[in-house]
Amino acid sequence: MADVLAILPQQLVFGLALGTVYGLVALGYTMVYGILFMINFAHGEIFMIGAYVGWWVLALLLQAQAGALHPAWVLPLMLLPAMLFTGALGVGLERFAYRPLYLRGATRLGPLISAIGASIFLQNAVMLTQGARMKVYMTSLLFPRDWRIQIAGASVSALVIVMVAVAGLMMWGLHLLVQRTTLGRSIRAVAEDREMAAIMGVNVRRVIALTFFMGSALGGAGGVLVGLYYTQIDFFMGYSAGLKAFTAAVLGGIGNIRGAMLGGLILGLVESLAVTFMNPAYKDVVAFVLLILVLVIRPTGLLGESVAARAKV
Amino acid sequence: MLKLTDVDTHYGPLPVLKSVSLEVRVGEIVCLLGGNASGKSTTMKTILGVVRPTAGRVEFEGDRIDGLATEVIARRGISLVPEARRIFARMTVWENLSMGAFTRQKAPAGEVAQDFERVWTLFPRLKERQHQLGGTLSGGEQQMLAIGRALMARPRLLLMDEPSMGLAPVLVDQVFDIIRAINGQGTTILVVEQNAPVALSIATRGYVLQNGRIVIHDTARILLATDYVRRAYLGED
Ligand SMILES: Nc1ncnc2c1ncn2[C@@H]1O[C@H](COP(=O)(O)OP(=O)(O)O)[C@@H](O)[C@H]1O
Ligand SMILES: [Mg+2]
């Protein structure tokens, strides 16, 4: 038991780091759901592709310059293209894989199946172009292993601090954007009543596309951070990460932005506790047990409203 | 200002509006009467492009607007107080009003602030509750908010779909006073009502819609005196 308590602070730090990234990726699910009532099952692949773009940038920089790479400029250089690329990819998915279906109305099943199709398509596209073997992030060249500090008995690496800071800043920025700006208000208006939003003069299609852009870009950023953290990426990594982030979104209350952040944090912490007190093999099981419990006990999630109350009159 | 000519509108295969023609002139209050499901709300939706007419034309200030996207029509200066209010329940009163002014982001600074003042003056209760979520307001307050939100667009034509529905009698009078005041300040109004006597008492002209067809149109005074209208819509035998 003493051993377990000794590694607890360390595990909590890991949980916090992963939790903020889960939250970041969960935002993509929750924003799209909030506005279209649709689960974008291809979001995990968007996350994965973000990790690949970041890997490519890092690889190119390493090729060009064998000398010291400082994260202060390399990290933005990895994040920016990854976010732009995945953001554009999200907009493309919405335009060509979902919009033709949801505009025709009727069921929610159509876009959902299309999303699963898009997910398989993207996995295979990456496998065919990038190869099936995993790629290795040269994280240690960017964040040397001895960049770490001691906090309350835990050894915290610079990378973890940067992950939490970057993910936290992005979530905070999104929160401000959605709550305080005209664009944010128009996103919320479209989520609540698309027809009335149009009558107010909002270009609904553009707002939906922008929502996909932002959600996907955050997912892409999450991919880069997770790539740096786990140092190995492959074309299939979006599957389980996507499910985790989706769990986080449901846990917090899908459609609710603060809920996604909270759900991510809780999931990260619960997972790290599970690893501490149980056989680490149960780590993924814990996440899905949590998902099932939430769906059974509180289907609206921690901060969610009942879907019935949000349905259009 | 607004002119519908032989407009047909369908929901899928179901015909709802059948060769509807009506006109609203600058400065008027025109009243659209009709029983349940006669197509009044559909007329409003057709004007705003929420549903597309399958035949006929809709013109606003001389330009054809049928076929334009709803947000484009809104930007031309038409706004709506919808049936059942449909305020944004999860936004504050202030945010709802600010959504109303969405088309005016390029307006000179101060102009929108002035319009907030105008709404606060019309509806002091809304000012007290400006930080409250729309969904927490009472029905009457929500109706005030729906009217305020539409005014924030500074529309030249204001469409109102049953603004008195579900309101206590005192509030009904208040709403109609406000409609008259808004019209006095220069906004042209097309109002749908079930409450014909009150509506006709403030309107210039009226149309009666039945089963998707305009069956009567005349000045409000004559409609108030017409036997048919009295029997059908004023509840007199
Ligand atoms: N979205 C819709 N889809 C199908 N039918 C509709 C829809 N909206 C209205 N209708 C039908 O169109 C007819 C006219 O409705 P509406 O214009 O709302 O009438 P009113 O406002 O005069 O009560 C009704 O028969 C109604 O059932
Ligand atoms: Mg109606």
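Because the structure is a prediction, the values reported are computed rather than measured. (Residues numbered from 1 in each chain as written. Chains lettered and ligands numbered in written order. Predicted model: local features only at pLDDT ≥ 70, side-chain atom pairs only at ≥ 80, totals over all residues. Heavy atoms only, no water.)

### Thoughts on the coordination of the magnesium ion (ligand 2)
Residues and elements named next belong to chain B. What counts, and what does not: Each metal's donors are the N, O and S atoms within 2.8 Å of it, or within 3.2 Å when it is Na, K or Ca, and because water is not part of the set, sites may look incomplete. Put simply, DSSP H or I for four residues or longer makes a helix, DSSP E for two residues or longer makes a strand, and each gets a number counted from the N terminus. Relative accessible area decides the class of each residue, using a 1.4 Å probe on protein chains only: under 20% of the type maximum gives buried, over 50% gives exposed, and in between gives partly exposed.
The magnesium ion (ligand 2) binds to the protein through Ser41 (OG), Glu83 (OE) and Glu83 (OE); the donor distances cover 2.0 to 2.7 Å. One end of the pair, Ser41, is in helix 1 (residues 40-47); the other, Glu83, is in the loop between strand 6 (78-81) and helix 3 (93-100), with 42 residues separating them in the sequence. Of the residues examined, Ser41 reaches a relative accessible area of 17% and is grouped as buried.

### Examining the site of ligand 1
Residue and element names in this part refer to chain B. As a reminder of what qualifies: Residues are labelled near a given molecule or strand when at least one of their non-hydrogen atoms is within 4 Å of it. Think of a polar contact as two N or O atoms within 3.5 Å of one another; within protein, one of them needs to be a possible hydrogen donor and the other a possible acceptor, and neighboring residues in sequence only count if both atoms come from side chains. Accessible areas in this description were obtained via Shrake-Rupley with a 1.4 Å probe; residue shielding takes into account the shown protein chains only.
Close contacts around ligand 1 come from Tyr11, Val16, Gly35, Asn36, Ala37, Ser38, Gly39, Lys40, Ser41 and Thr42, and that covers them all. Residue Ser38 places a main-chain N or O atom 3.2 Å away from an oxygen atom belonging to ligand 1. Ser41 is positioned such that a nitrogen or oxygen atom in its side chain is 2.8 Å from an oxygen atom of ligand 1. For ligand 1, the accessible surface in isolation is 550 Å², of which the surrounding protein chains cover 61%.

### Here we look at the side chain of A:Arg185
Worth spelling out the cut-off: Residues counted as positive are Lys and Arg, residues counted as negative are Asp and Glu, and His and the chain ends are not counted. In what follows, salt bridge is the name for a side-chain nitrogen of Lys or Arg lying within 4 Å of a carboxyl oxygen of Asp or Glu. Note on contacts: a residue pair is in contact if any heavy atoms of the two residues lie within 4.5 Å.
Summarising the element assignment, A:Arg185 is placed in helix 7 (residues 182-192). Nearest to the buried, unbridged A:Arg185 among oppositely charged side chains is B:Glu95, at 5.0 Å. Once residues within four sequence positions are removed from consideration, A:Arg185 is found in contact with A:Val178, A:Arg180, B:Met91, B:Trp94, B:Glu95, B:Ser98 and B:Met99.

### Here's the deal with unusual backbone geometry
Phi is mostly negative for residues that are not glycine, and the peptide bonds are mostly trans. At B:Glu61, a residue that is not glycine, the phi angle is positive and equals roughly 45 degrees. Looking at where B:Glu61 falls in the secondary structure, it is placed in the loop between strand 4 (53-60) and strand 5 (63-64).

### Some words on the pairing of strand 4 of chain B
Residues and elements named next belong to chain B. Threshold: One requirement defines pairing of two strands: DSSP has to find at least two bridges between them.
Bridge count between strand 1 (residues 2-11) and strand 4: 6 bridges; the pairing is antiparallel. Opposite Asp8, over in strand 4, you have Ala55 as the bridge partner. As paired elements, strand 4 and strand 5 share 2 bridges and run antiparallel to each other. Across the sheet, residue Phe60 finds its bridge partner in strand 5, namely Asp63. From the end of strand 4 to the start of strand 5, which pair antiparallel, there are 2 residues, and Glu61 there has a positive phi angle of about 45 degrees.

### A few points about the side chain of A:Thr211
As for its placement among the helices and strands, A:Thr211 is situated in helix 9 (residues 204-230). Assessed through its relative accessible area of 1%, A:Thr211 is described here as buried.

### Quick word on the sheet that holds strand 1 of chain B
In a beta sheet, neighbouring strands are held together by backbone hydrogen bonds and run either parallel or antiparallel to one another. Residue and element names in this part refer to chain B. The cut-off we apply is this: Note on method: axes are straight lines fitted to C-alpha atoms, helices fitted across the in-contact stretch only, with angles between N-to-C directions ranging 0 to 180 degrees.
If you trace the 4 strands from one edge of the open sheet to the other, you get 2-1-4-5, paired in antiparallel fashion. Two strands bound the open sheet, and with one partner strand each, they are strand 2 (14-24) and strand 5. The strands touched by helix 1 within the sheet are strand 1, strand 2 and strand 4, with strand 1 carrying the most contacts at an inclination of about 110 degrees.

### Thoughts on the environment of B:Glu95
Within the secondary structure, B:Glu95 is located in helix 3. For B:Glu95, a relative accessible area of 9% corresponds to the buried category. Separated by 127 residues in sequence, B:Glu95 and B:Ile222 place their C-alpha atoms 43 Å apart. Residue contacts for B:Glu95: discarding those within four places in its chain leaves A:Gln179, A:Arg185 and A:Arg188.

### Overview of the sheet that holds strand 6 of chain B
Residues and elements named next belong to chain B. The strand order across the open sheet formed by 6 strands is 6-7-8-3-9-10, and the pairing between neighbours is mixed. Lying at the two open borders of the sheet, with one neighbouring strand each, are strand 6 and strand 10 (213-219). Going from strand to strand, the sheet's axes swing by 20 degrees on average, the running direction of each strand aside. As paired strands, strand 3 (residues 29-34) and strand 8 (residues 188-193) are joined by 5 bridges and run parallel to one another. Each residue of the ladder has a partner; that of Ile29, found in strand 8, is Ile189. Strands in contact with helix 6 (residues 139-151) are strand 6 and strand 7 (157-161); relative to strand 6, the strand with the most contacts, it is inclined by about 175 degrees.

### Examining the domain arrangement of chain B
Residue and element names in this part refer to chain B. Here is the rule: Residue ranges for the domains originate in an automatic or database domain assignment. By convention, the term buried area covers the 1.4 Å-probe accessible surface removed from two parts as they join, with the contributions of both added.
Split by domain assignment, chain B resolves into domain 1 (1-77 + 155-237) and domain 2 (82-154). For domain 1 and domain 2, the distance between their C-alpha centroids amounts to 23 Å. If you look at the interface, domain 1 gives 19 residues, while domain 2 gives 18 residues. The junction of domain 1 with domain 2 conceals about 1,500 Å² of combined surface from both sides, 65% of it contributed by carbon and sulfur atoms. When the buried surface of domain 1 facing domain 2 is broken down by residue, Arg75, Pro155 and Ile178 rank first, second and third, together holding 31% of it. Here domain 1 and domain 2 share 0 salt bridges between them.

### Thoughts on helix 7 (residues 169-184) of chain B
All names here are of chain B. Where we set the bar: In a helix, the anticipated span is given by 1.5 Å times the number of residues less one. The arc in question is the one spanned by the directions pointing from the helix axis to the C-beta atoms.
With 16 residues, helix 7 extends 23 Å between its outermost C-alpha atoms, agreeing within 8% with the 22 Å of an ideal straight helix rising 1.5 Å per residue. Residues of helix 7 that are buried: Val172, Val175, Phe176, Ile178, Ile179, Ile182 and Asn183. The arc that holds the buried residues of helix 7, viewed along the axis, is 155 degrees, so those residues lie on one side. More than 90 degrees from the buried face of helix 7, the exposed residues found are Val170 and Gly184. Where helix 7 is buried, its residues touch strand 3, helix 4 (111-122), helix 6, strand 7, strand 8 and helix 8 (196-202). Looking one or two residues past helix 7, Gly186 carries a phi angle of roughly 110 degrees, positive in sign.

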